[in-house]
Amino acid sequence: PLRSPLRNSPVKVKGPMTTSSGPGLIFFSLTFELCTLRKLEARSFPQNNEVTGLQLSKKPTIVSPKVSIRTSFISPSLSSLNSEMLNGKPTTSKSVVAVNFIESADATSGSIAITGALVQWLRDNLGIIRASSEVEELALEAEDNGGIYFVPAFSGLFAPYWRSDARGVIVGLTGYITKAHIARAALEATGYQTREVLEAMARDSGVKLKTLKVDGGMVHNELLMQFQADVLGVSVVRPKVVETTALGAAYAAGLAVGFWNDLEDLSSNWRIDKTWQPHMTEGRREQLYAGWLKAVERSFGWVD
């Protein structure tokens, strides 16, 4: 499971869980108030703060006029990933930053190795689509996944398993399966992996997910968004601006130069583009998810 050393600390979580997708990676966090760039000295900062390959300075300048941040990074350091995972040990990295304790927030992050990259693999390696945007149309040709599951553990599984010995599998194949079923199973894999990480985060944080706010390139795939709502049993919300990473950088810069006055200005800019509500019955949801968990087990142990 995801492990947060700060789970017992008195913290006040701001808002629901969110998800951000990128090329082959999805990160999740409990949202907290946006912290603007200010040169504030950290009151305490541990050594060995290498997180996902980035070495943090011992005396950083921290972002925050209002919020003191306590962050537990679940993604392992890239430099130690192979050696520690090959020994069969779960790998976590953490960094704790304390700045002017006015209000605290706890953020939990979990990473998935392959999401959007799986669609690229269908395009480049199998050639069943010519462009990534075609995967939704192809997947819609099948009413369901035909009983197959695609576990894209091409280089192992990240959160919440941390299994470097896992490899990709497609299970449940029969003569009935077509390329449309494979395309649909590829999209559904992102939905299932998202649920796994969010469930682990809920166990660690004690926060029950009510709404999933999404961003990144894959959120334009409406079939995936509806499936994500169905498999989670909660609403999924897509904002008007889906490139949240770039937007956050722009907000930080704008606040620094005075283009925006305060956090309230930024909050007022956020707009909903579309919301998906779950339509799947609970019985069907749990039946499909149980099949996914069985498929994940079949992906283990392929590397000695």
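Residues numbered from 1 in each chain as written. Predicted model: local features only at pLDDT ≥ 70, side-chain atom pairs only at ≥ 80, totals over all residues. Heavy atoms only, no water.

## Regarding the pairing of strand S14 (residues 235-239)
So the rule is basically this: When a residue's accessible area, from a 1.4 Å probe over protein chains only, is under 20% of the maximum for its type it is buried; when over 50% it is exposed; and in between it is partly exposed. Going along the chain from the N terminus, every DSSP run of H or I of four or more residues is numbered as a helix, and every run of E of two or more is numbered as a strand. Note on pairing: DSSP must find at least two bridges between two strands before they are called paired. Orient the strands so they point away from the viewer; a crossover is then right-handed if the path from the first strand over the helix to the second runs clockwise.
Counted residue by residue, S14 has five buried out of five residues, so it is predominantly covered. Side chains Ser-235, Val-237 and Pro-239 project from S14 onto one buried face, and the interleaved Val-236 and Arg-238 project onto a second face that is buried too. Sheet topology note: the strand S13 (residues 211-215)/S14 ladder contains three bridges and is parallel. Paired with Thr-211 across the bridge in S14 is Ser-235. With helix H5 (residues 222-232) bridging S13 and the parallel S14, this β-α-β connection has right-handed handedness. With four bridges connecting them, S14 and strand S15 (residues 272-276) associate as antiparallel partners. By the bridge assignment, Pro-239 is partnered in S15 with Ile-272.

## Re the pattern of salt bridges
Basically, it comes down to this: The term salt bridge refers to a pairing of a side-chain nitrogen on Lys or Arg with a carboxyl oxygen on Asp or Glu at a separation within 4 Å.
Per the counting criterion, the structure on display carries 10 salt bridges. Among the salt bridges present, the one from Glu-188 reaches Arg-184, with a minimum N-O distance of 3.7 Å. Residue Glu-188 and its partner Arg-184 are both found in helix H4 (residues 179-205); the two are separated by four residues, about one turn of the helix. Each member of the pair Glu-188 and Arg-184 is classed as buried. A salt bridge links Glu-222 to Lys-274, with the shortest nitrogen-to-oxygen separation between them at 2.6 Å. In this pair, Glu-222 sits in helix H5 while Lys-274 sits in strand S15, placing the two residues 52 residues apart along the sequence. By relative accessible area, Glu-222 is classed as partly exposed at 31%.

## Some points on the packing of aromatic side chains
Applied cut-off: Pairing of aromatic rings covers Phe, Tyr and the six-membered ring of Trp, with a centre-to-centre limit of 6.5 Å; geometry is then stacked below 30 degrees between planes, edge-to-face above 60, and tilted otherwise.
Going through the model one piece at a time under the given rule, you end up with 10 aromatic pairs. Geometrically, the ring pair formed by Trp-121 and Phe-154 is tilted, given 5.3 Å between the ring centres and 50° between the ring planes. Taken together, the residues Trp-121 in helix H2 (residues 116-126) and Phe-154 in the loop between strand S11 (149-151) and strand S12 (169-171) connect sequence positions 33 residues apart. Relative accessible area serves as the criterion here: at 24%, Trp-121 is assigned to the partly exposed category.

## Here's the deal with H5
Defined as follows: Whether two residues touch is decided by their heavy atoms; if any such pair falls within 4.5 Å, the residues are in contact. Whenever a nitrogen or oxygen atom comes within 3.5 Å of another N or O atom, the pair is scored as a polar contact, on the condition that within protein one atom can donate a hydrogen and the other can accept it, and that pairs from neighbouring residues in sequence are kept only if both atoms are in side chains.
The element H5 is largely enclosed, with a buried count of 10 among its 11 residues. Listed as buried for H5 are Leu-223, Leu-224, Met-225, Gln-226, Phe-227, Gln-228, Ala-229, Asp-230, Val-231 and Leu-232. Of the surrounding secondary structure, the elements contacted by the buried residues of H5 are helix H3 (135-139), H4, S13, S14, S15 and helix H8 (282-298). Its side-chain oxygen 3.2 Å from the backbone nitrogen of Leu-223, Asn-221 forms the N-cap of H5. At the exit of H5 stands Gly-233, carrying a positive phi of roughly 75°.

## What to know about helix H6 (residues 244-257)
Definition in use: Under the convention used throughout, the expected extent of a helix is 1.5 Å for every residue step, that is, one less than its residue count. Throughout, the arc means that of the directions going from the helix axis to the C-beta atoms.
Compared with the 20 Å implied by 1.5 Å per residue over 14 residues, the 20 Å span of H6 between its first and last C-alpha is a close match. Every buried residue of H6 is accounted for by Tyr-251, Ala-252, Gly-254 and Leu-255. Buried residues along H6 cover an arc of 165° about the axis, so they all sit on one side. Every exposed residue of H6 that faces more than 90 degrees away from the buried side is listed here: Thr-245, Ala-246 and Val-257. Gly-258 occupies a position one or two residues after H6 and carries a positive phi of about 85°.

## Details of the environment of Ala-153
By secondary structure assignment, the location of Ala-153 is in the loop between S11 and S12. Sequence separation between Ala-153 and Ala-113 is 40 residues, and the spatial gap between their C-alpha atoms is 7.6 Å. With residues near it in sequence (within four places) discarded, Ala-153 still touches Ala-166, Arg-167 and Gly-168.

## Quick word on the confidence of the model for the protein chain
The line we're drawing: One number per residue, pLDDT, summarises how confident the predictor is, and it ranges from 0 to 100.
For the protein chain, mean pLDDT is 73; residues scoring 70 or higher make up 65% of the total. Taken as a whole, residues 1-102 scores under 50 in pLDDT and shows 258 contacts with residues more than four places along the chain or in a different chain.

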